[in-house]
Amino acid sequence: MREYKVVVLGSGGVGKSALTVQFVTGSFIEKYDPTIEDFYRKEIEVDSSPSVLEILDTAGTEQFASMRDLYIKNGQGFILVYSLVNQQSFQDIKPMRDQIIRVKRYERVPMILVGNKVDLEGEREVSSGEGKDRGLTPVL
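Our subject in this report is the structure included herewith.

Cut-offs used in this document
- Residues numbered from 1 in each chain as written.
- Predicted model: local features only at pLDDT ≥ 70, side-chain atom pairs only at ≥ 80, totals over all residues.
- Heavy atoms only, no water.
- Pairing = 2+ DSSP bridges.
- Helix = DSSP H or I, 4+ residues; strand = E, 2+ residues; numbered from the N terminus.
- Salt bridge = Lys/Arg side-chain N within 4 Å of Asp/Glu carboxyl O.
- Buried < 20%, exposed > 50% of the residue type's maximum accessible area, 1.4 Å probe, protein only.

**Regarding the pairing of strand β2 (residues 37–46)**
- Two elements, β2 and strand β3 (residues 49–58), share 10 bridges in a ladder whose sense is antiparallel. Within β3, the position partnered with Glu45 by the bridge is Pro50.

**Observations regarding the pattern of salt bridges**
- Applying the stated criterion across every chain yields a total of seven salt bridges.
- Taking the shortest distance from any N to any O, the salt bridge between Glu3 and Arg41 comes out at 3.6 Å. Here Glu3, found in strand β1 (residues 2–10), pairs with Arg41, found in strand β2; they are 38 residues apart in sequence, far enough to count as distant.
- The class for Arg41 is partly exposed, based on a relative accessible area of 45%.
- Note that Arg97 is salt-bridged to Glu107, the shortest N-O span being 4.0 Å. Of this pair, Arg97 sits in helix α4 (residues 93–104) while Glu107 sits in the loop between α4 and β5 (111–116), and the two are 10 residues apart along the sequence.
- Exposure remark for Glu107: the relative accessible area of 53% places this residue in the exposed category.

**Focus: unusual backbone geometry**
- The phi angle at Ser48 is positive, at roughly 65°, despite the residue not being glycine.
- When you line up the elements, Ser48 lands in the loop between β2 and β3.
- Its identity is not glycine, yet Lys117 carries a phi of approximately 75°, on the positive side.
- Relative to the elements of secondary structure, Lys117 occurs in the loop between β5 and α5 (128–133).
- Here Lys117 falls in the partly exposed class, since its relative accessible area comes to 25%.

The values are spatial; any link to function lies outside them.
Below, the structure is given as C-alpha cells:
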C-alpha cells in the first residue's frame with residue numbers, strides 16, 4: 001500500500017489541529033490545546049488504489065520552530081495554514097514556504113495554502129485576493 005507523508009504547518013492558533021482532526025475523524029473539536037506534535041493515519045484512495053495518508057500536525061509556537069527542518073525533511077507534501085482573521089499568521093507563511101524550499105532543495109514541492117476560520121467573516125483581516133496572490137494554490 002502506498003504511503004504519503006503530509007506535514008501541516010502554520011502559526012499557533014490558526015486551526016491546524018481542528019482541520020486535521022476534522023479531516024481524519026469527521027468531527028470538529030472546539031477546545032484548543034496547543035499542539036507539540038500529533039501524528040494521524042488515514043486510509044484514502046489515490047488513482048483508484050488504496051493508500052495511507054500520514055499526517056503530521058505540528059506546533060505553531062515559535063519555541064518548537066527548530067523542529068521544523070526535521071518535519072520538512074521527512075515530508076512529501078505540505079499544508080500551510082493561516083487564519084483569515086489574523087494578518088500576521090498570513091505573513092508567517094512566506095518564511096515557512098521559503099524554509100520548505102531551502103530544506104528540500106527543490107522549488108516545486110507540493111504545497112497547499114489553506115485560509116482557515118472563514119466562518120468569522122466579520123473579523124476578516126486577509127482578503128481572498130491576498131491568498132490567491134501568495135503563489136500557492138488557495139483552498140478557501
